[in-house]
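Examination of the molecular architecture
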Amino acid sequence: MPFDSNMASLAPWLGIALALATTGAHAAKLDHAPYGTTKDGKQVEIYTLTNDHGVVVKFLSYGGIITEINAPDRQGQVADIVLGFRTLEEYETNSAKVYFGALIGRYANRIGQARFTLEGQEYKLAANNGPNSLHGGNVGFDKQVWQVEPLRMSDGVGATLSLTSPNGQEGFPGTLTVRATYTLTNDNALRITYEAQTDKDTVLNLTNHSYFNLAGNGSGTVEDQILTINADRFTPTDATLIPTGELTPVAGTPMDFRTATPIGARLRSSFQALVYAHGYDHNWVLNKPSPGALSFAARAYEPRSGRVLDCYTTEPGVQVYTSNFLDGSLVGSAGRTYRQTDAFTLETQHFPDSPNKPQFPTTELKAGQTFRSETVFRFATDSPFPQVNP
Ligand code: BGC
């Protein structure tokens, strides 16, 4: 990984902007500033990545939370296209409910009955979602303060976030070291790479939990935003959203997004999977040229603004969640309440409950091995990428 260690030695480098390229109207840069203090007294910083074209991604050292992605529409008008809050306190209070923008681990999504067996030993986890474990348990990676190091890439600006999760944390075996790198590239993509190592065999599933609304955060429902998912099959679940273990064809069902379809077109169908989840909240089995290949997963398109979001991943699955559990009780960063269908997620991942489903691609990480995964979110419009209006 082309990490420039000279950059790390600049710390503390509060307020220093790294001018990396000047080919566009905006010079790519990375800034940071204090954001707040956690309830248990830890300092949290906010980082701002800006690329040559004026696309801006902001994230926190707390939970690796992406708080804003500012992307232009076809006219160059910028909007923040992810849901978020205005303060650290709101992120701390509500993360366990919504996980806005956060890095999720050790195990993104659900593990059935909050337990699994690895090499003959049973591990018990916190049941924080009915009988199941969700998103790493009570204090997952979304609630930890990550160490952040700036990163100079040839194709953009970024930072590496790292943490060490002690053996037994939230019930998972092994001391796990994790590095997630956010890079905003000059071709308008947010690339997220993950690396992890353990000193004892364990299970692992890492993702980012950004909620997208391509018409703008707080602008209302995404039902008319048009989604394509490169998947012939999905993993149906029981009523608690634990996969049955089958891989079911999407053909002829409301799960079929192989051709571009408005998110809302079939959202209120009586199809059992949609009833269980109160909307879309499912794992699609991505079509891949080969396991682990970085390949096209999904596209979302918002016709009025012309904004397009393409998602590529090395992961075998993607969870698309239409914010079914947002109920109007939370006020977001745009000063408006969030409701069901106000956003969609594209949580690239291994399948839910893989530790208990030997037929699924394995989520086991063996001692001494390195886990690697990559997801790319590319921002575009339906006409040539516009000059961002100042
Ligand atoms: C899950 C949802 C959950 C949401 C927020 C998604 O990844 O699939 O069921 O409500 O995260 O926690």
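One structure accompanies this document, and this report is about it. (Residues numbered from 1 in each chain as written. Predicted model: local features only at pLDDT ≥ 70, side-chain atom pairs only at ≥ 80, totals over all residues. Heavy atoms only, no water.)

1. Things to note about the overall build of the protein
Threshold: In DSSP terms, a helix is any run of H or I states spanning at least four residues, a strand is any run of E spanning at least two, and both are numbered starting from the N terminus. Each radius of gyration is computed over the set of C-alpha atoms, and the globule rule expresses the reference value as 2.2 Å times the number of residues to the power 0.38. Accessible area is worked out with a 1.4 Å probe on protein chains only. A residue is then buried under 20% of its type maximum, exposed over 50%, and partly exposed in between. Any pair of residues with heavy atoms lying within 4.5 Å of one another is described as a contacting pair. For every accessible area listed, the method is Shrake-Rupley and the probe measures 1.4 Å; residues are considered covered only by the protein chains on display. Only four residue types enter the tally: Lys and Arg on the positive side, Asp and Glu on the negative side; His and the chain ends are excluded. In plain terms, the charge of a residue is placed at NZ if it is Lys, CZ if Arg, CG if Asp and CD if Glu.
Helix and strand content of the protein: 3 helices and 30 strands. A compact globule built from 390 residues should have a C-alpha radius of gyration of about 21 Å, and the protein, at 20 Å, falls within 12% of that. Projected onto its principal axes, the C-alpha coordinates of the protein cover approximately 55 × 45 × 40 Å. Across the 390 residues of the protein, 58% fall into the buried class. Excluding contacts between residues fewer than 6 apart, the proportion of contacts in the protein whose partners are at least 24 apart in sequence is 66%. Accessible surface, the protein as shown: approximately 14,800 Å² in total, 50% of it carbon and sulfur. In the protein, 30 positive and 38 negative side-chain charges are present, and the distance between their average locations comes to 2 Å.

2. Quick word on the site of the ligand
For clarity, the cut-off: If even one non-hydrogen atom of a residue comes within 4 Å of a molecule or strand, that residue is called near it. In protein, a polar contact means a hydrogen-donor-capable atom and an acceptor-capable atom, both N or O and within 3.5 Å, with residues adjacent in sequence counting only if both atoms are side-chain atoms; elsewhere, any N or O pair within 3.5 Å suffices. Polarity classes work like this: nonpolar for Ala, Val, Leu, Ile, Met, Phe, Trp, Tyr, Cys and Pro, charged for Asp, Glu, Lys and Arg, and polar for all others, with Gly in that last group.
Around the ligand, the structure places Lys97, Tyr99, Arg110, Leu134, His135, His209, Tyr211, Asp281, Gln319, Tyr321, Phe325 and Glu347. One of the backbone nitrogen or oxygen atoms of Lys97 is found 3.5 Å away from an oxygen atom of the ligand. Arg110 is positioned such that a nitrogen or oxygen atom in its side chain is 2.6 Å from an oxygen atom of the ligand. Notes on the ligand: free accessible area 310 Å², of which the protein chains cover 96%. Taken together, the residues of the shell around the ligand break down into 5 nonpolar, 3 polar and 4 charged.

3. Regarding the pairing of strand β1 (residues 29-37)
Short version of the rule: Strands are treated as partners if at least two bridges between them are detected by DSSP.
As paired elements, β1 and strand β2 (residues 43-50) share 8 bridges and run antiparallel to each other. Across the sheet, residue Lys29 finds its bridge partner in β2, namely Thr50. Between the antiparallel neighbours β1 and β2 lie 5 residues, among them Gly41 with a positive phi of about 85°.

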